[in-house]
Amino acid sequence: MDVPHYWSADQVQRLLDALATNNRHQARTAALIMWRTGLRISEVLGLEWRDLDYSGDPATLLVRRSKTRRARTVRLHPELVQLFTNWPANRTPRDKMVALSMRTVPRHIADAVVSSDLDQESPGTGKRLPGAHSLRHSAARHWLMVGKVPLNVVSQWLGHANVSVTLRICLPIVGSDYGMDEIP
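Residues numbered from 1 in each chain as written. Predicted model: local features only at pLDDT ≥ 70, side-chain atom pairs only at ≥ 80, totals over all residues. Heavy atoms only, no water.

### Some thoughts on the sheet that holds strand β1 (residues 52-53)
The strands that make up a sheet pair up through hydrogen bonds in the backbone, lying either parallel or antiparallel.
Right, on to step 1. Strands sit in the order β1-β2-β3 across an open sheet of 3 strands; the sheet is antiparallel. Across the chains shown, the open sheet's two edge strands, defined by having one partner strand only, are β1 and β3 (72-75).
Right, on to step 2. Pairing analysis gives 4 bridges linking strand β2 (residues 60-63) to β3, with the strands arranged antiparallel. Paired with Val63 across the strands is Arg72, a residue of β3. (Pairing = 2+ DSSP bridges. Helix = DSSP H or I, 4+ residues; strand = E, 2+ residues; numbered from the N terminus.)

### A few points about the environment of Leu76
Right, on to step 1. Residue position: Leu76 is located in the loop between β3 and α4 (78-85).
Right, on to step 2. Owing to a relative accessible area of 3%, Leu76 belongs among the buried residues under this scheme.
Right, on to step 3. It is 8.9 Å that separates the C-alpha atoms of Leu76 and Asp53, two residues lying 23 residues apart in sequence.
Right, on to step 4. In this structure Leu76 touches Leu52, Tyr54, Pro58, Ala59, Thr60, Leu61, Val81 and Phe84, once residues within four positions along its chain are discounted. (Buried < 20%, exposed > 50% of the residue type's maximum accessible area, 1.4 Å probe, protein only. Contact = heavy atoms within 4.5 Å.)

### Thoughts on the nonpolar core
Right, on to step 1. Membership of the largest hydrophobic core comes to 49 residues, with the highest contact counts inside it found for Leu15, Ile33, Met34, Phe84, Ile109 and Leu135.
Right, on to step 2. Ranked by residues supplied to this core, first place goes to helix α2 (residues 25-37) with 7 residues.
Right, on to step 3. Beyond its immediate chain neighbours, meaning those up to four positions away, Leu135 contacts Trp7, Val12, Leu15, Ala31, Met34, Trp35 and Ile109. (Core = buried A, V, L, I, M, F, W, Y, C linked by side-chain atoms within 4.5 Å.)

### A closer look at the pattern of salt bridges
Right, on to step 1. In total, this model carries 8 salt bridges according to the counting rule given.
Right, on to step 2. Taking the shortest distance from any N to any O, the salt bridge between Arg40 and Glu43 comes out at 2.7 Å.
Right, on to step 3. Classification of Arg40 as buried rests on a relative accessible area of 11%.
Right, on to step 4. Here Glu43 falls in the buried class, since its relative accessible area comes to 1%.
Right, on to step 5. Its salt-bridge partner being Arg72, residue Glu43 comes within 3.0 Å of it at the nearest N-O pair. Residue Glu43 is located in helix α3 (residues 41-46), and its partner Arg72 is located in strand β3; the two are separated by 29 residues in the primary sequence. For the pair shown, Glu43 and Arg72 are each scored as buried.
Right, on to step 6. Through salt bridges with shared partners, one network takes in Glu48, Arg50, Arg65 and Arg94. (Salt bridge = Lys/Arg side-chain N within 4 Å of Asp/Glu carboxyl O.)

### Some details on the packing of α2 against helix α7 (residues 132-145)
Right, on to step 1. Relative orientation of the contacting elements α2 and α7 amounts to 30°, with a least axis distance of 7 Å. As summarised for this structure, α2 and α7 are arranged roughly parallel, according to the angle between their axes. Crossing angle aside, the handedness with which α2 passes α7 is right-handed. Across from Ala31, Met34, Trp35, Arg36 and Thr37 in α2, the residues of α7 making contact are Ala132, Leu135, Arg136, Ser138, Ala139, His142 and Trp143.
Right, on to step 2. Looking at the contact of α2 with α7, its residues break down into 7 nonpolar, 3 polar and 2 charged. (Axes fitted to C-alpha atoms, helices over the stretch in contact; angles between N-to-C directions. Parallel < 35°, antiparallel > 145°, perpendicular 65-115°, else oblique. Left-handed = near helix turned anticlockwise from the far one by under 90°. Nonpolar A, V, L, I, M, F, W, Y, C, P; charged D, E, K, R; others polar.)

Listed below in structure tokens is the structure:
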């Protein structure tokens, strides 16, 4: 069974630091959104400023363009709330949150993965090398293992068609004894 690549929170921070050090601020923003929301690259690049909603607790993002073609709402991590609150005000609601292409983001993240040696540290046996999509797996693993978020909620946040997809992808990265500490 292929195990998707993922990183710990400390390793993700090293990746984000590498992107900041290399002056890749837009790519860092994309990576941070992927890490804190579990969004796919295409979903991040489809986000517009009008998709932010600070009216609830927690604040949310509306994902209008998803792989499944169904809009969904994801919670906004406090780190993202702080980032977006401090963003320059010269933007319109229809402006993209990340003004990069589908080629640029993975390339910048791949460069940062290599420069921070995360290509050598990522668990995983998948056919893909560790990269941008690894942030999505890292988010899911973090929610399940550290945050103890229920699998069905993680499935909704990731925008999976059903919970069996989430289980198939996430079980290899959390281990077969996931949740066993709660069984008497």
